Amino acid sequence: MKFSVITPSFRNSAWLKLCIASVADQQGVEVEHIVQDSCSDDDTQLWLPQDRRVKAFIEKDAGMYDAVNRGYRRATGDILAYLNCDEQYLPGALAAVEKFFTENPKVEVVLMGSIITDANGGYICHRPALVPHPWHIWYRFSPLTSSIFLRRGVIHERGIFFDPRWRGVGDLHWMLALLKNRVSMVASNRFTSAFADTGDNLSLKPIAIQEKAETLAMCPGWVKLLRPVWIGHHRLRRLAAGHFSLKPDRYSIYTLSNPEQRVTFEVPHPTAVWKNRM
């Protein structure tokens, strides 16, 4: 199988370098890394076009999700994914994904887990995978796109692209579209990615907060009335899936202070609780 990884980029030069390195050192897989840069005016354009590890396209877009769609249209891989600049793949991630899809030929989308770090690479929490429930999703949206992998047909045959009208919560609406179209999804207990909670992530920006409110207004009234039920049931699903009984772990990532080689962090007491986030 061939992977196509799409990275939307805008004024994130330092983080982009780490992201690219984490894709480039994946072993035992064939991968093309497409970077869609929206004409960044930092130093990105000084080095990105010369980086032979990626296919760089520097052009204006209508936001992050439009950039991802552009990359998906250009993708030639059998398995598609997108990885933001502040995200990375862990060692062996893509090989594990390839093995999963090979062993599960009827699965169209696999949700893997992510490890959440701070801006320096320090540990915050684990984010195990859980297939979204159609009613829970309005209040508890657990998948991180850094750990979502899909077969080419989801995009190029079914046509389930991101809706670029949404600038901050397009991933939520994309997941709703997957559920509506009954795309076969499975959650894996493998952790493939790292997400840096920098405090400046898109989900924390005003546009995302505004769009979350607009999205919640679209929620069916009877679902709103049962909000405590959905949240409680979501927690029970996580409990049953073992999210609150994680074993000691470690992870290796590139950091801003060590961009040339991975740094290993030990996690003797992992937690699945992401404080101040849902």
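A few points on the structure.

Definitions and cut-offs
- Residues numbered from 1 in each chain as written.
- Predicted model: local features only at pLDDT ≥ 70, side-chain atom pairs only at ≥ 80, totals over all residues.
- Heavy atoms only, no water.
- 1 Å grid on protein atoms, 1.4 Å probe; cavity = no way out; pocket = protein on both sides within 12 Å on 5 of 7 lines; lining within 4 Å.
- Points joined across faces, edges and corners; volume = space filled by probe spheres on them.
- Helix = DSSP H or I, 4+ residues; strand = E, 2+ residues; numbered from the N terminus.
- Nonpolar A, V, L, I, M, F, W, Y, C, P; charged D, E, K, R; others polar.
- Buried < 20%, exposed > 50% of the residue type's maximum accessible area, 1.4 Å probe, protein only.
- Contact = heavy atoms within 4.5 Å.
- Expected span 1.5 Å × (residues − 1).
- Arc of directions from axis to C-beta.
- Core = buried A, V, L, I, M, F, W, Y, C linked by side-chain atoms within 4.5 Å.
- Salt bridge = Lys/Arg side-chain N within 4 Å of Asp/Glu carboxyl O.
- Phe/Tyr/Trp six-rings, centres within 6.5 Å; stacked < 30°, edge-to-face > 60°.

Examining empty space enclosed by the protein
Summed over all chains, the structure comprises 4 cavities of 30 Å³ or more. When its volume is computed, the largest cavity comes out at roughly 70 Å³. Forming the walls of the largest cavity are 15 residues, and the residues nearest its centre are Trp15, Gln88, Thr117, Ala196 and Ile253. At the level of secondary structure, the elements contributing two or more residues to the lining of the largest cavity comprise helix H1 (13-24), strand S9 (185-196) and strand S10 (249-255). For the lining of the largest cavity, the element with the most residues is S10, which contributes 3 residues. Looking at the lining of the largest cavity residue by residue, the class counts come to 8 nonpolar, 5 polar and 2 charged.

Re helix H6 (residues 170-180)
Of all 11 residues that make up H6, 8 are buried, and the element is covered over most of its length. Restricting attention to buried positions, one finds in H6 the residues Gly170, Asp171, Leu172, His173, Trp174, Met175, Leu176 and Leu178. Against the buried residues of H6 lie helix H3 (64-74), strand S6 (109-117), strand S8 (148-151), helix H5 (152-156), S9 and helix H7 (206-217). Arg182, located one to two residues past H6, shows a positive phi value of around 55°.

Notes on H7
For H7, which comprises 12 residues, the first-to-last C-alpha distance of 17 Å matches the rise-based estimate of 16 Å (1.5 Å per residue) to within 8%. Taken together, the buried positions of H7 are occupied by Ala208, Glu211 and Thr215. Projection of H7 onto a plane perpendicular to its axis shows the buried side chains occupying an angular sector of 65°, all on one side. Exposed residues lying more than 90 degrees from the buried face of H7 are Pro206, Ile209, Ala213 and Ala217. Along its buried surface, H7 packs onto H6.

What about unusual backbone geometry?
Positive phi, close to 55°, is recorded for Arg11, a residue that is not glycine. Of the residues examined, Arg11 reaches a relative accessible area of 49% and is grouped as partly exposed. You will see that Cys39, though not glycine, has its phi angle at about 55°, which is positive. With respect to the helices, strands and loops of the structure, Cys39 is situated in the loop between strand S2 (30-37) and helix H2 (44-47).

Re the nonpolar core
Ranked by internal contacts, the top residues of the largest apolar core, which has 32 residues, are Tyr72, Val109, Leu150, Trp174, Met175 and Leu178. Going through the elements one at a time, H3, strand S4 (79-82), S6, S8, H5, H6 and helix H9 (227-240) are the ones with two or more residues in this core. The element contributing the most residues to this core is H6, with 5 residues. Among residues more than four places away in sequence, those in contact with Leu178 are Val154, Ile160, Val183 and Met185. Listed in part, the 18 residues of the second largest apolar core include Val5, Phe100, Val107 and Phe149.

Concerning the environment of Leu150
Turning to its location among the elements, Leu150 is positioned in strand S8. For Leu150, a relative accessible area of 1% gives the class buried. The spatial distance from the C-alpha of Leu150 to the C-alpha of Asp78 is 8.5 Å, given a sequence separation of 72 residues.

Some thoughts on the pattern of salt bridges
All told, the structure shown has 12 salt bridges when counted by the stated rule. Note that Arg158 and Glu108 form a salt bridge whose closest N and O atoms lie 2.9 Å from each other. On the criterion of sequence distance, the pair formed by Arg158 in the loop between H5 and H6 and Glu108 in the loop between helix H4 (93-103) and S6 is long-range, its members being 50 residues apart. Assessed through its relative accessible area of 38%, Arg158 is described here as partly exposed. Between Arg250 and Glu266 there is a salt bridge, with the nearest N and O atoms lying 3.1 Å from each other. Of this pair, Arg250 sits in strand S10 while Glu266 sits in strand S11 (residues 258-267), and the two are 16 residues apart along the sequence. With respect to class, Arg250 is no different from Glu266; both count as exposed. In this structure, a network of salt bridges that share partners links the residues Glu59, Asp66, Arg70 and Arg74.

As for the packing of aromatic side chains
Tallying each qualifying case throughout the model produces 10 aromatic pairs. Consider the rings of Phe195 and Trp274, whose centres lie 5.7 Å apart with planes at 70°: the pair is edge-to-face. Placement of Phe195 in strand S9 and of Trp274 in the segment after S11 is noted, with a sequence separation of 79 residues between them. Trp274 carries the same exposure label as Phe195, and that label is buried. Here the aromatic rings of Tyr251 and Phe265 are separated by 5.1 Å at their centres, their planes lie at 10°, and the arrangement is stacked. With Tyr251 in strand S10 and Phe265 in strand S11, this residue pair connects regions lying 14 residues apart in the sequence. We note that Tyr251, like Phe265, is buried.

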